[in-house]
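Architecture at a glance
This is what each chain is made of:
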Amino acid sequence: MKRHIAAAAALSSLAFLAAPTATATAADNPYQRGPAPTVDSIEAVRGSYAVSQTSVSSLAATGFGGGTIYYPTSTSDGTFGAVVISPGFTAYESSIAWLGPRLASQGFVVFTIDTLTTLDQPDSRGRQLLAALDYLTQRSSVRSRVDASRLGVMGHSMGGGGTLEAAKSRPSLKAAIPLTGWNTDKTWPEISTPTLVVGADGDTIAPVATHSEPFYESLPASLDKAYLELNGATHFTPNSSNTTIAKYSISWLKRFIDDDTRYDQFLCPLPRPSLTIEEYRGTCPLGS
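Now for a quick tour of the structure. (Residues numbered from 1 in each chain as written. Predicted model: local features only at pLDDT ≥ 70, side-chain atom pairs only at ≥ 80, totals over all residues. Heavy atoms only, no water.)

Tallying each qualifying case throughout the model produces one disulfide. Here C268 connects covalently by a disulfide to C284, the sulfurs 2.0 Å from one another. Because the torsion about its S-S bond is -90 degrees, the bridge between C268 and C284 counts as left-handed. Here C284 lies in the segment after β9 (277-282) and C268 lies in the loop between α7 (243-257) and β9, a separation of 16 residues in the sequence. With a relative accessible area of 17%, C268 lands in the buried category. Residue classification places C284 among the partly exposed positions, given a relative accessible area of 35%. (Disulfide = S-S within 2.5 Å. Helix = DSSP H or I, 4+ residues; strand = E, 2+ residues; numbered from the N terminus. Buried < 20%, exposed > 50% of the residue type's maximum accessible area, 1.4 Å probe, protein only.)

Here we take up the environment of W188. Tracing the backbone through its elements, the reader meets W188 in the loop between β6 (175-179) and β7 (195-200). Residues W188 and S95, 93 residues apart in the sequence, show an inter-C-alpha distance of 26 Å. Once residues within four sequence positions are removed from consideration, W188 is found in contact with L164, E165, K168, N183, F215, S218, L219 and P220. (Contact = heavy atoms within 4.5 Å.)

Note that side chains of opposite charge can pair when their charged atoms are close. By the definition in use, this model includes 12 salt bridges. A salt bridge links R150 to D258, with the nearest nitrogen and oxygen atoms 2.6 Å apart. With R150 in strand β5 (residues 146-156) and D258 in the loop between α7 and β9, the pair connects residues that are 108 residues apart, well separated along the chain. A salt bridge links R255 to D259, with the nearest nitrogen and oxygen atoms 3.3 Å apart. The network of salt bridges with shared partners includes D147, R150, K254 and D258. (Salt bridge = Lys/Arg side-chain N within 4 Å of Asp/Glu carboxyl O.)

So, on to the sheet that holds β9. Spatial strand order, β1-β2-β4-β3-β5-β6-β7-β8-β9: nine strands in an open sheet with mixed pairing. Every interior strand has two partners, whereas the edge strands, β1 (51-56) and β9, have only one. Each strand of the sheet is rotated relative to its neighbour by a mean of 15 degrees, with strand direction disregarded. Sitting on the sheet, helix α4 (residues 122-138) touches β1, β2 (67-72), β3 (80-86), β4 (109-113) and β5, and the angle it makes with β5 is about 150 degrees. (Pairing = 2+ DSSP bridges. Axes fitted to C-alpha atoms, helices over the stretch in contact; angles between N-to-C directions.)

This is how it looks when you write it as structure tokens:
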């Protein structure tokens, strides 16, 4: 009995000693935003932040086609990391608009854009993503809410190809997420930005075997990277609200734009195949 009591006391002491360390870790990250995440919180249609939005006219934009900025309404938490999202070939901002409020409500400034023309190729879309980031951080009405050192890019189809182009051109980006990306360039060894490649098992426009998989495999082995292949999905799945895309995009952006290790739990160990995941590959542990 005495041994049990002593053991319990020792465990209690260890817990007491460990608690300040956890608190200190959170305090040491000035970019951490929002409450501790749970599966429910990252799968929710809306996160903990109320969201406002403002439109950017194509006439006010330089180097891209305008769009909509979604941002946390409150300023009490200071600045936020930001992400710009491009639509795909022949598509408009409306095709990826669902991501705006969903990501912003988790604590990001999100800019969903139109491109200069709907026929722009991936290299042009990459330049437009960067032009939109520059507008957001330097000229937009919400620039004071954005931490210009913590930026990411996303895009669908040719916008996904543009996402890779942008990450290649601007190594300072913190995160990149191509969604069923399309590009004639299949190899990306130059990228140093943590990249989550999202493909779809039923994609006949940018089949994973000739697009998302070689994109992922060509990224440097030393890079924090992941490959999520959606199950029962098509090339156009990212154009509608999708919990799996949101869940892993939020986790990736939080981990690498906010440096928030509380989200490691959703990325490592690697997620298993499921009704919505055909396959998931990645590097674990992250940030090593």
